[in-house]
Amino acid sequence: MISLKKVSKFFGRFKALDEITFRLKKGETTAFLGVNGAGKTTTMRIINGILDPDLGEVKIDKYSPADNPIKVKQIIGYLPENNPLYTHLRVSEYLHFIAQVRNLPGFPHRYKHLFTHMGIAAVWDQKIEEISRGYKQRVGLTAALIHQPKVLVLDEPLSGLDPLQKEEITSLLKTLGQKTTILFSTHVLSEVESLCSNIIIIHQGRIIFAGSLSDFTMHQTQIEVVYQGPKKLTNLILKDLPRLSLHQIKPVSAKTWHAVFNLAAGRPDRYLKSISAAVAENKGLVTQLNIRKQSLESLFTKLTDKANDQKAKD
Amino acid sequence: MIKKPKIKFINCRPMIGLVLKDLKAFFLSPAGYLLIGVFDLVLLWLFLQNFFLIGQADLTDFFLSLQWGVLILASALSMKTFVEERQKQTLELLLSLPTSPAQLALAKIITGLIIYLIVIISLIPFVVIVSLLGPIDFGLTASAFLGSFLLFAAFYTYGIFISLYFKNMIISFLFTLFSLFVIYLAGTGFILDRLPELISQSLAAFSFKNHYQSFLLGTPAVSDLVFFLTLPLLFLELIIIRLNRKDKIL
């Protein structure tokens, strides 16, 4: 549905995007993660045809935003960063304006189900400048959805909202995600897990991860073992299980060790038995064995630090 | 077989939405009415200073003052167009909608022209009062209003083009006002009389004042109409070119 191939973008001499490539399939909800200035907004603007890439190819449902800008804008519903709205208008007037510009007939009757679903009936006749931020976000989302887009691109839809409003918008996005391909950017990682199945991480204009959320967290899982036996037992475990790497080992008492292994691939629960067996085979005794899942925040920080180190080396 | 060139017509429906949105922005705030009110009052005040001294129902002075009023009004209205959209970040929203740069530019221009038509309508009661005091030439008055409308169109489209280069409304206003003032002054006798004849004659052909004067005299020539129709079209094209340079306008 969305495909970017080696897309680069320069602002003067500054390379905002560096050959980014990713694909989003129909009906997927994907979080676009990155720190401020990583290139999220630039990428989203390029997807929408608001900016043109300097290099590379962009396709939205087989159409290129450069060649078919109007067609692409008909396919996409876009919520820009900070949700800009014409605040002097009433909610009804604003949505009527969007419907007119999008050449949609039958306003408002034909879209009543959408307005009910988005919960904006209570503020229908109010001026946008007078309504709460949560409602403003709903109005922005309704405007992005009014033409029943196949693709929804949302730039920081949760920023600046209080926890209750975040919950409201998150639940709305969950419902929408059942039918629509959604790409939303955020740097609030706590919402990501509940909302989407895929993530793309961008850092300094480069994609440093693109894949499923489970892959991302699985690959970064750690296994924690407390065992009685010699310290060198860890080497024997690593020899038997090459997908593990030793993160750290600390003595608990004279013959008891606390080892933490990083798991490069595979399901961690499958490794628990293998580790127990490897320790028992080498005459040791496992007293504690846990899967330690890292928070998305710490994984994200690790990955961006790694990317920084890599860039420094380059 | 020779292929017939495809003629692309601009879809007007999205433009109606854009025009209505901008008209609402103007007329839903007191600032819009205040601007028109102050404009009318200043014009009347300037005109009435000599009107009773001369003792003739003659609107020439009024239309001479109007040219400067148009200059200020076009600068003030045009500064709001794209600068405000950029300041409020709504330009990104507009660019995400299925509208072409031509539609966006035309909608802004049409909005301004409608506002100016309303300004002209607001001046009609005054013309009627003057006509009650003495006979006036309604044909000449209509011609002068048409001239002011075309003058406004040229100044306003220039102002919109300039507004695409600034992020601050006041700077955009002052730049438009000052540059228009210089351009206008360059076409007056004050400057033209001091220049060599060859340059003076060439510049006179592009003088706003000369072309506007033809309308005030009630004798607009085809060249005057061509002049005033070419300029807005030229600036429309320049606005579209600028809007297509997406990196520069956001």
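Structural data are supplied above this passage.
Draft legend 1. Region of the structure containing the overall build of chain B. Along the backbone of chain B there are 12 helices and zero strands. N-terminal to C-terminal, the α/β element order of chain B is α-α-α-α-α-α-α-α-α-α-α-α. Relative to the 2.2 N^0.38 estimate, which gives 18 Å for 250 residues, the radius of gyration of chain B is 20 Å and therefore close to what a compact globule would have. Taking the principal axes of its C-alpha atoms as reference, chain B extends roughly 60 × 50 × 40 Å. Counting over 250 residues, chain B shows a buried share of 50%. Across chain B, every contact between residues at least 6 apart in sequence was considered, and the portion connecting residues at least 24 apart equals 76%. A total accessible area of about 12800 Å² is found for chain B, and carbon and sulfur atoms account for 73% of it. Treating the 18 positive side-chain charges of chain B as one cloud and the 13 negative ones as another, the clouds have centres 17 Å apart.

Draft legend 2. Representation of the interface of chain B and chain A within the structure. Taken residue by residue, the interface counts 27 residues in chain B and 32 residues in chain A. Taken together, both faces of the contact between chain B and chain A bury some 2700 Å²; the carbon and sulfur share is 59%. The largest share of the area that chain B buries against chain A comes from Arg13, Glu92 and Pro98 of chain B, three residues that together contribute 23% of it. The tally of links from chain B across to chain A stands at three salt bridges. Arg45 of chain A serves as the salt-bridge partner of Glu92 of chain B, at 2.9 Å between the closest nitrogen and oxygen. Our count for the chain B to chain A interface comes out at 10 residue pairs in polar contact (both at pLDDT 80 or more). Those elements that place two or more of their residues in the side of chain B that touches chain A are α1 (12-27), α4 (90-96) and α12 (246-249) of chain B. A per-element tally of the side of chain B that touches chain A places α1 of chain B first, with nine residues. Taken together, the residues that form the side of chain B that touches chain A break down as 12 nonpolar, seven polar and eight charged.

Draft legend 3. A look at the sheet that holds strand β10 (residues 222-228) of chain A. Residue and element names in this part refer to chain A. The strand order across the open sheet formed by four strands is β11-β12-β10-β13, and the pairing between neighbours is antiparallel. Whereas interior strands pair on both sides, the edge strands pair on one side only; in this sheet they are β11 (244-251) and β13 (285-292). Across this sheet, the average inter-strand angle for adjacent strands is 20°, counted without regard to direction. Pairing between β11 and strand β12 (residues 256-263): seven bridges, direction antiparallel. The residue bridging Ser245 from the neighbouring strand is Asn262, located in β12. The sheet strands contacting helix α9 (residues 233-240) are β10, β11 and β12, and the helix crosses β11 at an angle near 165°.

Draft legend 4. Expanded view of helix α6 (residues 138-163) of chain B. Residues and elements named next belong to chain B. Taking 1.5 Å of rise per residue, 26 residues should cover 38 Å, and α6 covers 36 Å from first to last C-alpha, within 8% of that figure. Most of α6 sits inside the fold, with 21 of its 26 residues counted as buried. Looking at where α6 begins, the residue whose side-chain oxygen comes 3.0 Å from the main-chain nitrogen of Gly139 is Asp137.

Draft legend 5. The arrangement of the pattern of salt bridges in detail. All names here are of chain A. Per the counting criterion, the structure on display carries 15 salt bridges over all chains. Here Lys40 and Glu156 are joined by a salt bridge, their closest N and O atoms 3.8 Å apart. Taken together, the residues span a long stretch of sequence, with Lys40 in helix α1 (residues 40-48) and Glu156 in the loop between β6 (151-155) and α6 (163-176) at a distance of 116 residues. Classification of Glu156 as buried rests on a relative accessible area of 6%.

Draft legend 6. Structural detail: the pairing of strand β8 (residues 198-203) of chain A. All names here are of chain A. Taken across its six residues, β8 has six buried, putting it largely inside the fold. Neither face of β8 is left uncovered, since the one carrying Asn198, Ile200 and Ile202 and the one carrying Ile199, Ile201 and His203 both have all their residues buried. Alignment of strand β3 (residues 29-33) against β8, held across four bridges, turns out to be parallel. When the sheet's bridge partners are listed, Phe32 is paired in β8 with Ile200. Bridge analysis of β8 against strand β9 (residues 206-212) gives six bridges, and the strand direction is antiparallel. Paired with His203 across the bridge in β9 is Arg206. Taking the residues between adjacent antiparallel strands as the criterion, β8 and β9 are bridged by two residues, where Gln204 takes a positive phi near 50°.

Draft legend 7. Inspection of the sheet that holds strand β1 (residues 2-11) of chain A at higher detail. Residue and element names in this part refer to chain A. Taking strand neighbours across the sheet as the criterion, the three strands line up as β2-β1-β4 in an open arrangement whose pairing is antiparallel. In this open sheet, the two edge strands, each paired with only one partner strand, are β2 (14-24) and β4 (55-60). For this sheet, the mean angle separating the axes of adjacent strands, direction not counted, is 20°.

Draft legend 8. Summary view of the side chain of Thr180 of chain A. Residues and elements named next belong to chain A. Tracing the backbone through its elements, the reader meets Thr180 in the loop between α6 and β7 (181-186). You can call Thr180 buried: its relative accessible area is 8%. Excluding residues that lie within four positions of it along the chain, Thr180 makes contacts with Gly27, Glu28, Pro149, Lys150, Val151 and Leu152.

Draft legend 9. Spotlight on the environment of Ile129 of chain B. By secondary structure assignment, the location of Ile129 of chain B is in helix α5 (residues 101-133). Ile129 of chain B sits 61 residues away from Phe190 of chain B along the chain, and the two C-alpha atoms are 34 Å apart.

Draft legend 10. Fine view of the nonpolar core. In this structure, Tyr94 and Ile199 of chain A together with Leu66 of chain B are the most contacted members of the largest nonpolar core, which totals 150 residues. Those residues in contact with Ile199 of chain A that lie beyond four places of it in its chain are Thr30, Ala31, Leu33, Val192, Phe209, Ala210, Gly211, Leu213 and Phe216 of chain A. If you look at the next biggest cluster of nonpolar residues, it comprises 15 residues, including Ile237, Leu263, Tyr271 and Ala278 of chain A.

What counts as what
Counting starts from 1 at the beginning of each chain's written sequence and moves along it residue by residue. Lettering for chains starts from A, numbering for ligands starts from 1, and both go in the order in which the items are written. Since the coordinates come from a predicted model, pLDDT governs what is reported: local features require at least 70, and pairs of side-chain atoms require 80 or more to be given and counted, while whole-chain, interface and lining totals use all residues. With hydrogens and water stripped out, all remaining heavy atoms of the structure feed into the side-chain values. Each helix is a run of H or I in the DSSP string that is no shorter than four residues. Each strand is a run of E no shorter than two, and both are numbered from the N terminus. Our radius of gyration looks at C-alpha atoms and nothing else; its globule reference is 2.2 Å times the residue count to the power 0.38. Partly exposed describes any residue whose relative accessible area lies between the buried limit of under 20% and the exposed limit of over 50%, with all areas from a 1.4 Å probe on protein chains only and scaled to the type maximum. When checking whether two residues touch, look at their non-hydrogen atoms; a contact exists if any pair is within 4.5 Å. For the area figures, the Shrake-Rupley method with a 1.4 Å probe applies, and any residue is considered shielded solely by the protein chains shown. His residues and chain termini do not enter the charge count, which takes Lys and Arg as positive and Asp and Glu as negative. Throughout, a charge is located at the NZ atom of Lys, the CZ atom of Arg, the CG atom of Asp or the CD atom of Glu. Throughout, the accessible surface (probe 1.4 Å) given up by two parts as they are put together, summed over both, is called the buried area. Salt bridge, as used here, is a side-chain nitrogen of Lys or Arg placed within 4 Å of a carboxyl oxygen of Asp or Glu. Counted as a polar contact is a pair of N or O atoms within 3.5 Å, where, for protein atoms, one must be capable of donating a hydrogen and the other of accepting one, and residues adjacent in sequence contribute only when both atoms are in side chains. Following the grouping adopted for this structure description, the nonpolar residues are Ala, Val, Leu, Ile, Met, Phe, Trp, Tyr, Cys and Pro, the charged ones are Asp, Glu, Lys and Arg, and the polar ones are all others, Gly among them. Strand pairing follows a simple DSSP-based rule, namely that at least 2 bridges must link the two strands. Comment: axis = line fitted to C-alpha atoms, over the contacting stretch for helices; angle = value between 0 and 180 degrees taken between N-to-C directions. Expected helix span is computed as 1.5 Å times (number of residues minus one). Here, the term nonpolar core denotes a set of buried Ala, Val, Leu, Ile, Met, Phe, Trp, Tyr and Cys residues that are joined through side-chain atoms within 4.5 Å.

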